[in-house]
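Breakdown of the fold
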Amino acid sequence: MARPDGRRPDQLRPVTLTRGWSTHPEGSVLVEFGATRVLCTASVTEGVPRWRKGSGLGWVTAEYAMLPRATNTRSDRESVRGKIGGRTHEISRLIGRSLRACVDLKALGENSVVLDCDVLQADGGTRTAAITGAYVALYDAVTWLAERKALTGKVAKVMHRSVSAVSVGVIGGEPMLDLCYAEDVTAEVDMNVVCTGTGDFVEVQGTGEAGVFARDQLDALLDLGVAGCLELADAQRKALNL
């Protein structure tokens with residue numbers, strides 16, 4: 001089945017990770033998955049939430065949002081509506097969980113890092129792009145802490161594994177990697193796969209959008225997702241000069 005942009009079923013969209021895109025945060029990355037663009041910033045504060053004080057552990061959390069015209073039609077700002085939507089909460093929690101999986105919170109010490117992931121332009125895969133870019137922003141923020149001798153461990157100890165994420169789905173009966181919006185809205189099965197740099201799973205979210213799916217389809221989707229995440233991990237290493 002031909003894809004809108006002519007890619008192979010197992011091919012990622014062009015991926016770009018631009019570090020230092022914003023001046024003020026301790027870490028910032030503009031991540032691009034094709035036409036999807038997300039600005040990820042990492043802000044460091046000394047200390048941790050009250051419920052974590054005295055534990056010797058740090059904290060990493062995330063917030064996700066979309067600009068009003070990131071999509072084909074304008075959406076109201078959630079701040080103007082006065083209520084954050086369920087989808088926004090869900091994605092924020094996913095990003096936070098994913099990034100905590102790559103951090104040794106004890107080695108981070110009692111420092112907090114907030115990852116803000118703001119979608120500038122959406123063309124599918126905004127949450128997976130956010131996770132992939134937020135890892136790089138977090139790495140730079142941890143490096144910033146290390147330069148100020150504010151860690152209880154070295155950067156390699158704190159950031160003890162990498163994490164990235166990609167979407168997969170079944171379209172016209174065929175498993176495909178990294179869905180753009182036109183594919184996402186027609187997918188019979190839609191799944192997001194979050195993996196470490198060695199291919200271990202952090203989280204898998206999947207649903208049959210237009211029916212059910214068989215075990216062999218699930219296996220094929222997971223294989224695609226892992227392969228895609230390994231490619232993304234390589235892109236992260238190159239962006240960080242590791």
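Scroll up to find the structure this text is about.
I will try to describe carefully the structure that is included in this document.

Some points on the overall build of the protein chain
Looking only at helices and strands, one finds 7 helices and 9 strands in the protein chain. Relative to the compact-globule value of 18 Å for 242 residues, the protein chain shows a C-alpha radius of gyration of 18 Å, a close match. Overall, the C-alpha framework of the protein chain stretches about 55 × 40 × 30 Å when taken along its three principal axes. Long-range contacts, defined here as pairs at least 24 residues apart, represent 70% of the contacts in the protein chain between residues at least 6 apart. Counting only carbon and sulfur atoms, one obtains 50% of the accessible surface of the protein chain, whose full area is about 11600 Å². Across the protein chain, the mean location of the 28 positive side-chain charges is 7 Å away from that of the 30 negative side-chain charges.

Re the sheet that holds strand S4 (residues 59-66)
Across the sheet, 5 strands lie side by side as S1-S2-S3-S5-S4; this open sheet has mixed pairing. Each having just a single partner strand, strand S1 (15-19) and S4 make up the two edges of the open sheet. Along the sheet, successive strands turn relative to each other by an average axial angle of 20 degrees, direction set aside. When strand S3 (residues 36-46) meets strand S5 (residues 111-121), the two strands line up antiparallel, connected through 10 bridges. Residue serine 43 lies in a different strand from S5, and its bridge partner there is valine 114. Docked against the sheet, helix H4 (residues 126-147) engages S1, strand S2 (27-33), S3, S4 and S5, running at close to 35 degrees with respect to S3.

Considerations on the nonpolar core
When a protein is soluble and globular, its nonpolar side chains tend to lie buried together. Counting residues in each nonpolar core, the largest one holds 61 residues, and the members touching the most others are Ile95, Leu99, Leu138 and Met159. Setting aside chain neighbours within four positions, we find methionine 159 in contact with Cys102, Val103, Tyr135, Leu138, Tyr139 and Val142.

Considerations on the side chain of serine 98
Within the secondary structure, serine 98 sits in helix H2 (residues 86-100). If we skip the residues at most four places from it in the chain, serine 98 touches Ile131, Val163, Val194 and Val202.

Quick look at unusual backbone geometry
Even without being glycine, lysine 149 reaches a positive phi, approximately 55 degrees. Tracing the chain through its elements places lysine 149 in the loop between H4 and helix H5 (155-158). Even without a glycine there, the phi angle at asparagine 241 is positive, about 60 degrees. You can call asparagine 241 exposed: its relative accessible area is 66%.

Points about the pattern of salt bridges
Within the structure shown, the criterion is met by 16 salt bridges. Arginine 8 is the salt-bridge partner of aspartate 10, the closest N and O atoms lying 3.1 Å from each other. Taking the relative accessible area as the measure of exposure, aspartate 10 reaches 39% and is therefore partly exposed. For lysine 238, the salt bridge goes to aspartate 234, with nearest N and O atoms at 3.2 Å.

Thresholds, definitions, all that
- Residues numbered from 1 in each chain as written.
- Predicted model: local features only at pLDDT ≥ 70, side-chain atom pairs only at ≥ 80, totals over all residues.
- Heavy atoms only, no water.
- Helix = DSSP H or I, 4+ residues; strand = E, 2+ residues; numbered from the N terminus.
- Rg over C-alpha atoms; globule rule 2.2 N^0.38 Å.
- Contact = heavy atoms within 4.5 Å.
- Areas by Shrake-Rupley, 256 points an atom, 1.4 Å probe, with all protein chains shown as cover.
- Lys, Arg positive; Asp, Glu negative; His and termini not counted.
- Charge placed at Lys NZ, Arg CZ, Asp CG, Glu CD.
- Pairing = 2+ DSSP bridges.
- Axes fitted to C-alpha atoms, helices over the stretch in contact; angles between N-to-C directions.
- Core = buried A, V, L, I, M, F, W, Y, C linked by side-chain atoms within 4.5 Å.
- Buried < 20%, exposed > 50% of the residue type's maximum accessible area, 1.4 Å probe, protein only.
- Salt bridge = Lys/Arg side-chain N within 4 Å of Asp/Glu carboxyl O.

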